[in-house]
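# A look at the structure
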Amino acid sequence: MMAFLSILFYTGLEGTWNGMKQNINQYSVQTQLATATLQSTGISENELNQIRKLPDVSKVSAKTEINTTTNLNGSKRYLTIDTPGTQQLSKTMQTNGHKIDVNHEGIYLNQKFANKNGLKKRE
């Protein structure tokens, strides 16, 4: 009985792991997931060019990220605001809605977050 249960658990875990591995591989290809990320408080175009020249660097994609707090519905909320950047690496995987336009002014909000916090589109 113990041998049977051991084999049953092993095959279940092996099947789950294989499915997870295929999903992450597919996600990595679709989004061109970066193999390394460099964060800086400020970086110049000259420094980006130096990074591009490093050995084994094939692509560089820069974007801006702002971390802040706000008070919504009487609660402190932490917000991270990202620019889409050039969308060459670690692309946003969009599951529905409109395609992100990198030249568009304004911000995109998660629909559930906006609804929960009473945020509406300004006309």
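Residues numbered from 1 in each chain as written. Predicted model: local features only at pLDDT ≥ 70, side-chain atom pairs only at ≥ 80, totals over all residues. Heavy atoms only, no water.

Helix and strand content of the chain: 3 helices and 2 strands. If you list the helices and strands of the chain from N to C, you get α-α-β-β-α. Relative to the globule expectation of 14 Å for 123 residues, the C-alpha radius of gyration of the chain, 21 Å, shows a markedly less compact shape. Taking the principal axes of its C-alpha atoms as reference, the chain extends roughly 65 × 50 × 25 Å. Evaluated residue by residue, the chain yields a buried proportion of 6% over its 123 residues. Summarising the internal contacts of the chain: among those between residues at least 6 apart in sequence, 43% fall at separations of at least 24. As presented, the chain carries roughly 11300 Å² of accessible surface, and 54% of it is formed by carbon and sulfur atoms. Considering the chain, the positive charge centre built from 14 side chains and the negative charge centre built from 9 side chains are found 7 Å apart. (Helix = DSSP H or I, 4+ residues; strand = E, 2+ residues; numbered from the N terminus. Rg over C-alpha atoms; globule rule 2.2 N^0.38 Å. Buried < 20%, exposed > 50% of the residue type's maximum accessible area, 1.4 Å probe, protein only. Contact = heavy atoms within 4.5 Å. Areas by Shrake-Rupley, 256 points an atom, 1.4 Å probe, with all protein chains shown as cover. Lys, Arg positive; Asp, Glu negative; His and termini not counted. Charge placed at Lys NZ, Arg CZ, Asp CG, Glu CD.)

In this structure, Ala62 sits in the loop between α2 (45-52) and β1 (65-72). Its relative accessible area of 35% is what places Ala62 among the partly exposed residues. Separated by 12 residues in the primary sequence, Ala62 and Gly74 place their C-alpha atoms 35 Å from one another.

Structurally, Thr31 is set in helix α1 (residues 2-31). Its relative accessible area of 2% is what places Thr31 among the buried residues. From its side chain, Thr31 meets the backbone oxygen of Tyr27 in a polar contact 2.8 Å long. In this structure Thr31 touches Leu89, Ser90, Lys91 and Met93, once residues within four positions along its chain are discounted. (Polar contact = N/O pair within 3.5 Å; in protein donor to acceptor, adjacent residues only side chain to side chain.)

Notably, Gln32 is not glycine yet its phi reads approximately 50°, a positive angle. Relative to the helices and strands, Gln32 is located in the loop between α1 and α2. Here Asp56, not a glycine, exhibits a phi torsion of approximately 70°, which is positive. Inspection of the secondary structure puts Asp56 in the loop between α2 and β1. For Asp56, a relative accessible area of 85% corresponds to the exposed category.

A few words now on the pairing of strand β2 (residues 75-82). Note: β1 against β2, 8 bridges, orientation antiparallel. Residue Thr68 lies in a different strand from β2, and its bridge partner there is Leu79. Counting the residues between successive antiparallel strands, the hairpin from β1 to β2 contains 2 residues, one of them, Asn73, with a positive phi of roughly 55°. (Pairing = 2+ DSSP bridges.)

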